[in-house]
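Results of the structural survey
Residues per chain are reported as follows:
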Amino acid sequence: MEPSRSILDTISSPDDLKALSLEECEALAEEMRAFIVESVTRTGGHLGSNLGAVELTIALHRVFSSPEDVLLFDTGHQAYVHKLITGRKEGFAKLKAKGGLSGYPNRKESVHDVIENSHASTALSWAHGIAAARKLQGQDEGRHVVAVVGDGALTGGMAYEALNNLGHAGSRVVIVLNDNGRSYAPTISKLSGSLTQLRLDPRYLKLREAFKGVIEDVPVMGPIAEHSFRGITSALREVVEPRVFFEALGVRYTGPLDGHDISQMEQALAKAASWEGPIVLHLLTHKGKGYEPAEEDDVQKLHDYKAAPRDEGGLKPAGEGQRGESYTAAFTKALLEEADSDDALVAITAAMPGPTGLLPFEKAHKERFFDVGIAEQHAMTTAAGMAFSGLHPVVCIYSTFLQRCVDQWNLDVALHKAPVVVVADRAGITGDDGPSHHGIYDMHSALSIPGVRVYAPSEPAEIAPLLKEALACREPALLRYPKTPSEGSLGPPGRPGAHRVLKEGEQIVLVGIGKLARRALEAAQLLEAEGIFPEVIDPRVISPVRDELLEDLAGFRLVMTAEDGITKGGAGEHLATLTKKMAETKGQKPPFFVNLGIPIAHLPHGSPDEILSALGLDGPGIAASVLEAASWLEVGGDQSVASSGRGSAS
């Protein structure tokens, strides 16, 4: 006798889901929750956020008809159940691995996916745009636009701008507010605090139902009874901030409802779908629901589960992740040391105190810790205001999210010469989170802004001295470092403001920027077998560059730079321009430059080592580029610009 198939095994599209009974849906929810736990604890991925969104996603797909009805997930890391419903169960075996299933919605995977980037607080703007286009094109009849907003996305400024426009335009959009009270950590927001108060004090709902019951029991009183009920409930509504807030913007509000009750949600969603304007359906959910370790994690609810590395047949190359101290841990220690001797030092983050290493700082200096929610623009300008008033702000943001506040960095910080130190964690190729999370633009941005000092530590031990230098200079500064842990010491620490020579050599010099200093050193060791003995330099300080470094570089015939940021406008091109000017002032022939780095492209997900290797930015790849350039120079190349395949040459 064959074992009975699970309900989950019968689901390959939303249509399959609609054929189930309510009882089967509830059983399916438990199967999905168990599947996600088993899968994500093996591969790694976003766990807590998806466990809390199981029932609401089932209800969404039973009421609406994707892709005719557009479902937008904000943020995208709560879309695993959506992927299961839309036929991607088998793909979870290689979740977030090279060539495998993306950790976010992905248009290449399914027609049911729309927003790929997973930068929070964008879905309502998408919804406004899609609804406006459908109305103009006469395509909105019987079709719906649904935005699922959760995990702190409603703390971002874009969300409020979109709400204002949705209400003003009367856009026909259903907004599902997945209120779990958190983002990566407990959500920082007055509105979200007001929303969550309803979890603890549901007196409004109880009182409203009680009055309704009394009115219904009164003999027919015609319009008097109806008017009385409306008056009473209107008075009650005034004490509930969320309803007042949303409806003041022209957005109808309903809820809160139990976000784990499929039947209740289906009824509410069906009614919301019939509303002719924007409407918020407020659902109360529990992040990490059904998995005890997640439920007991008070800080992140196992938001992002880190799986153990796996080798052959697995998802990460053997040994990756099994290294030394992380850059983030080194930063945490260095920041605490600086704070102990500087009472004016303050730390700012945008909803990620844990991932950026600020929780120990918050514990030690709570009054000097500021979490502004998912609001990077606000964080940067707030820091400028703090600096103006005599504080020494350190703004800690993932490199990818730093791009959301480049304007404020330029015009509020740099234009005003505000001594704000920006710390860009997860700089470079971050790996399994894909194109929206690679931190490859921070160096380009910083070097494009006048007066910003740029520090690129090559190992965790370099963070403390470079942070100290950045704080002491009292100028705008960027300290950027990667997610991947260290592989051990590269050598003695560098002098303040100076570069390090990791290996002496002749004619050829390899300049490894940040974590690629190690890869440059590996390349030099490989080249020795070919009879080539290059020098290896760790520049440490990318801007301002000391004349000492430029003079050293100008003395070589070939300079090859390697960085894990985009080549165009990056550190390598910056050093090449300054070195050539230095050579010209001394009447020297400038060296031939080859700048290796990241191409201008949306790179897919995969492990950092795999991606860097594919781009020729590992030891063998850099060595191969040196051999190619050295061979070309031997046959008499000139100083014209040429393409090297892996970067730019000049």
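Going by the structure above, here's the rest.
About the thresholds
Residues numbered from 1 in each chain as written. Predicted model: local features only at pLDDT ≥ 70, side-chain atom pairs only at ≥ 80, totals over all residues. Heavy atoms only, no water. Helix = DSSP H or I, 4+ residues; strand = E, 2+ residues; numbered from the N terminus. Contact = heavy atoms within 4.5 Å. Expected span 1.5 Å × (residues − 1). Buried < 20%, exposed > 50% of the residue type's maximum accessible area, 1.4 Å probe, protein only. Arc of directions from axis to C-beta. Phe/Tyr/Trp six-rings, centres within 6.5 Å; stacked < 30°, edge-to-face > 60°. Core = buried A, V, L, I, M, F, W, Y, C linked by side-chain atoms within 4.5 Å. Axes fitted to C-alpha atoms, helices over the stretch in contact; angles between N-to-C directions. Parallel < 35°, antiparallel > 145°, perpendicular 65-115°, else oblique. Nonpolar A, V, L, I, M, F, W, Y, C, P; charged D, E, K, R; others polar. Pairing = 2+ DSSP bridges. Salt bridge = Lys/Arg side-chain N within 4 Å of Asp/Glu carboxyl O.

Overview of the environment of Asp433
Structurally, Asp433 is set in the loop between β11 (421–425) and α19 (442–448). Sequence separation between Asp433 and Ser118 is 315 residues; the distance between their C-alpha atoms is 9.5 Å. With sequence-adjacent residues up to four places away left out, Asp433 is seen in contact with His46, Lys96, Tyr104 and His605.

As for helix α23 (residues 571–585)
Here α23 contains 15 residues, and its C-alpha end-to-end distance of 21 Å stays within 8% of the 21 Å for a straight helix at 1.5 Å per residue. What α23 keeps buried is the set Ala571, Gly572, Leu575, Ala576, Thr579, Met582 and Ala583. Buried residues along α23 cover an arc of 130° about the axis, so they all sit on one side. Set apart from the buried face of α23 by more than 90 degrees, the exposed residues are Glu584 and Thr585. On its buried side, α23 packs onto α19, β15 (508–512), β17 (541–543), α22 (547–554), β18 (558–566) and β19 (592–598). Following α23 by one or two positions, Gly587 adopts a phi angle in the positive range, close to 70°.

Observations concerning the packing of aromatic side chains
Within this structure, the stated rule accounts for 8 aromatic pairs. On the basis of an interplanar angle of 80° and a centroid distance of 5.5 Å, the ring pair of Phe35 and Phe92 is categorised as edge-to-face. A residue pair is termed long-range when its members are at least 10 positions apart, and Phe35 in helix α2 (residues 22–43) and Phe92 in the loop between α5 (80–85) and α6 (123–136) qualify at 57 residues. On the basis of an interplanar angle of 80° and a centroid distance of 6.0 Å, the ring pair of Tyr160 and Phe245 is categorised as edge-to-face. In this pair, Tyr160 is assigned in helix α7 (residues 157–169) and Phe245 in helix α11 (residues 241–248), connecting sequence segments 85 residues apart. The exposure class assigned to Tyr160 is partly exposed, which follows from its relative accessible area of 24%. Here Phe245 falls in the partly exposed class, since its relative accessible area comes to 28%.

What about the environment of Val421?
On the secondary structure map, Val421 appears in strand β11. Considering only alpha carbons, one finds Val421 and Glu475, 54 residues apart in sequence, at a separation of 7.9 Å. Filtering out sequence-adjacent residues up to four positions away, Val421 remains in contact with Pro393, Val394, Val395, Leu467, Ala470, Leu471 and Ala477.

A look at the nonpolar core
Within the largest apolar cluster, 48 residues are counted, with the highest numbers of intra-cluster contacts made by Leu402, Trp409, Val420, Val452, Leu478 and Ile513. The element that contributes the greatest number of residues to this core is helix α16 (residues 376–388), accounting for 6 residues. Non-local contacts of Val452, meaning those with residues more than four positions away in its chain, are made with Trp409, Ala414, Ala446, Pro476, Ala477, Leu478 and Ser543. Membership of the second largest hydrophobic core comes to 46 residues, among which are Met32, Leu47, Ile58 and Ile262.

Re the packing of α16 against helix α18 (residues 406–414)
Here α16 crosses α18 at 10°, and the two axes come no closer than 9 Å. Regarding the angle of α16 to α18, the classification is roughly parallel. Counting all contacts with α16, which are made through Gln377, Met380, Thr381 and Ala384, the residues of α18 involved are Gln408, Trp409, Asp412 and Val413. Classifying every residue of the contact of α16 with α18 by side-chain character gives 4 nonpolar, 3 polar and 1 charged.

Looking at the pairing of strand β2 (residues 70–74)
For β2, a buried count of 5 out of 5 residues is recorded, marking the element as mostly surrounded by other parts of the structure. Here β2 shows two buried faces, one formed by Val70, Leu72 and Asp74 and the other by Leu71 and Phe73. One ladder, built from 5 bridges, connects β2 with strand β3 (residues 145–150); its direction is parallel. Across the sheet, Leu72 pairs through a bridge with Ala147, a residue of β3.

Section: the sheet that holds strand β10 (residues 392–398)
Spatially, β9-β8-β10-β11-β13-β12-β17 is the arrangement adopted by the 7 strands of the open sheet, whose pairing is mixed. Across the chains shown, the open sheet's two edge strands, defined by having one partner strand only, are β9 (369–371) and β17. Adjacent strand axes in the sheet meet at a mean angle of 20° when their direction is disregarded. With 2 bridges connecting them, strand β12 (residues 453–455) and β17 associate as antiparallel partners. Within β17, the position partnered with Tyr455 by the bridge is Val541. Along the sheet face, helix α14 (residues 327–341) touches β8 (345–349), β10 and β11 and points at about 145° away from the line of β8.

Here we look at the pattern of salt bridges
Taken as a whole and assessed by the stated rule, the structure comprises 26 salt bridges. Here Glu462 and Arg540 are joined by a salt bridge, their closest N and O atoms 2.3 Å apart. Remark: Arg540 occurs in the loop between β16 (535–538) and β17 and Glu462 occurs in the loop between β12 and α20 (463–472); sequence separation between them is 78 residues. The pair formed by Glu462 and Arg540 is uniform in burial state, with each residue classed as buried. Linking Glu528 and Lys503 is a salt bridge whose minimum nitrogen-to-oxygen distance equals 3.2 Å. One end of the pair, Glu528, is in helix α21 (residues 516–528); the other, Lys503, is in strand β14 (residues 500–503), with 25 residues separating them in the sequence. Here the salt bridges do not stand alone but share partners, grouping Glu459, Glu462, Arg500, Asp538 and Arg540 into one network.

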